[in-house]
Amino acid sequence: MIKYFPIYTLFLILVFHTSCGQNQTNVPHGNISKGVQTKTDSKLLKYTTGVRSILEDSKGNIWFGSYNEGVCLLHSGEFQYFTTENGLSNNQVRSIYEDKNGIIWFECGRGLSTYDGKEITTYRERNYKAKNEWKINESDLWFKGDETSGYNKLEGYAGVYQYDGRQLSYRTFPVTPKLGNEFPYPVSTPFVKSKNGTVWFGTYGAVIGYNGSDFKILDNEYLGLNAETGSLHVRSIMEDSKGNLWIGNNGIGVLKYDGKKVIDFTAQQKLKKEDTKGNSLDRIFSIGEDSSGNIWFGTVEFGAWRYDGNSMKNFTKEDGLESKHIWFIYKSKQGELWLGGKEPSGVYRFNGNTFERKY
């Protein structure tokens, strides 16, 4: 049975040389004069380490987070690049969110930063006095711990930060690490808000759901996984339009949870490395759903896969998707499917048949 627990329980700075030299420009709704670099002669992102996160905000701006080169703002056709010199807490930007007040949040490799329309600043306020006071509010944002992995002394134990619109509070997960595995539960994915009210957190060693009163823990023990079968290494989670929770792992592939049982989707599709002579579905870093209800999987080695409910199709360089490693899958406000990748880096748009580089 699923376990139930009660409540109590980069540094690379991008400098671009153009024929006009370096430019500093105004950021929409305010000025930043601390070295924001702009390049206007190209519509392509100049990241080399990959596009790890994407957000279209309520003002029509598009934000691109990189693996370790900071964050980029696309506004009125111009790219503006921000690093730790401009207020980011770290140059790795894993997730980007917008809160109910229009503040943009950057979940970095270490720490958090915000953009208020005028400047980017590192967000330093924390509340550690209510670690077990779990609750859910409609507009909550949730963030991983402040460390790249593990947890710091103030956090004390594996958990997640909750921002309720007023303050950022640390909540401790009701999990007990096995002996010899001290840090199996750092948050490794963006959070997912389920249609039934559950908030899901992907950690390396488990997927943890909280519905406002109880927790659901999908871990190796529940799934019957071990060293021989391969264990969880969760890198992405996504709830589809039918209410299924998809879990992508770096090693054992895709699991599908319908609220009652878990299916090894990769094995079901006969796409484990040992079952296929071609590209496999073992190493998954991103999952998304397009406007037609197709489920997409981004891999580390073999581009992207599409599942239409009946069959799987692999998209690679031959289909215009030059990136082998797909960090992020995003559906734009216009319903376009965008894939953020590396090797080479870029954002690719699906045109219905093939991919073309968009940014």
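Because the structure is predicted, anything quoted here is derived from the model rather than measured. The residue numbering used here restarts from 1 in each chain and proceeds along that chain's sequence as written. With the structure being a predicted model, the display of local features is reserved for residues of pLDDT at least 70 and the display and counting of side-chain atom pairs for 80 or more, all residues being used for whole-chain, interface and lining totals. The side-chain quantities take in all heavy atoms of the structure and omit both hydrogens and water.

Caption draft 1: Representation of the environment of threonine 121. The residue threonine 121 is located in strand β9 (residues 120-123) in this model. Of the residues examined, threonine 121 reaches a relative accessible area of 31% and is grouped as partly exposed. Separated by 33 residues in sequence, threonine 121 and leucine 88 place their C-alpha atoms 6.3 Å apart. A helix here means a DSSP run of H or I that spans at least four residues, while a strand means a run of E at least two residues long, and both kinds are numbered starting from the N terminus. Burial here depends on accessible area, computed with a 1.4 Å probe over protein chains only, as a share of the maximum for the residue type. Under 20% is buried, over 50% is exposed, and the range in between is partly exposed.

Caption draft 2: Looking closely at the packing of aromatic side chains. Stacked, tilted and edge-to-face are the three classes assigned to paired rings of Phe, Tyr and Trp, where Trp is represented by its six-membered ring and a pair needs centres within 6.5 Å; plane angles under 30 degrees give stacked, over 60 edge-to-face, the rest tilted. With the rule as written, the count across this model stands at 42 aromatic pairs. An angle of 80° between the planes, with centres 6.1 Å apart, marks the rings of tryptophan 200 and tyrosine 257 as edge-to-face. In this pair, tryptophan 200 sits in strand β14 (residues 199-202) while tyrosine 257 sits in strand β19 (residues 253-257), placing the two residues 57 residues apart along the sequence. The two residues tryptophan 200 and tyrosine 257 agree in class, both being buried.

Caption draft 3: Looking closely at the nonpolar core. Of all hydrophobic cores here, the largest spans 31 residues; its most connected members are Leu45, Ile54, Trp63, Phe64, Val71, Phe106 and Tyr359. For this core, the secondary-structure elements that each account for two or more residues are β2 (51-56), β3 (62-66), β4 (71-75), β5 (78-82), β6 (93-98), β7 (104-108) and β25 (325-331). For this core, the leading source of residues is β4, giving four residues. Contacts are residue-level and defined by heavy atoms, with any inter-residue pair within 4.5 Å sufficient. Those residues in contact with leucine 45, other than ones at most four positions away along the chain, are Val51, Phe64, Cys72, Phe79, Tyr81, Val347, Arg357 and Tyr359. Among the buried residues, those of types Ala, Val, Leu, Ile, Met, Phe, Trp, Tyr and Cys that are joined through side-chain atoms within 4.5 Å form a nonpolar core.

Caption draft 4: Examining unusual backbone geometry more closely. Put simply, glutamate 343 and proline 344 share a cis peptide bond, and its omega is -5°. Within the fold, proline 344 resides in the loop between β26 (337-342) and β27 (346-350). The residue serine 76 is not glycine, and still its phi comes out positive at about 55°. Note on placement: serine 76 falls in the loop between β4 and β5. For lysine 270, which is not a glycine, the phi torsion comes out positive at approximately 55°. Along the polypeptide, lysine 270 turns up in the loop between α2 (265-268) and β21 (284-289).

Caption draft 5: Seen up close, the sheet that holds β21. Two strands qualify as a pair provided that DSSP identifies no fewer than 2 bridges between them. Here we have four strands laid out as an open sheet, ordered β21-β22-β23-β24, and antiparallel in their pairing. Edge positions in the sheet fall to β21 and β24 (312-315), since each has one partner strand and no second. For this sheet, the mean angle separating the axes of adjacent strands, direction not counted, is 20°. Taken together, the four bridges between strand β23 (residues 304-307) and β24 define a ladder with antiparallel strand orientation. Considered in β24, the bridge of tyrosine 307 is made with methionine 312. Here the axes come from fitting lines to C-alpha atoms, over the contacting stretch only for helices, and the angles between their N-to-C directions go from 0 to 180 degrees.

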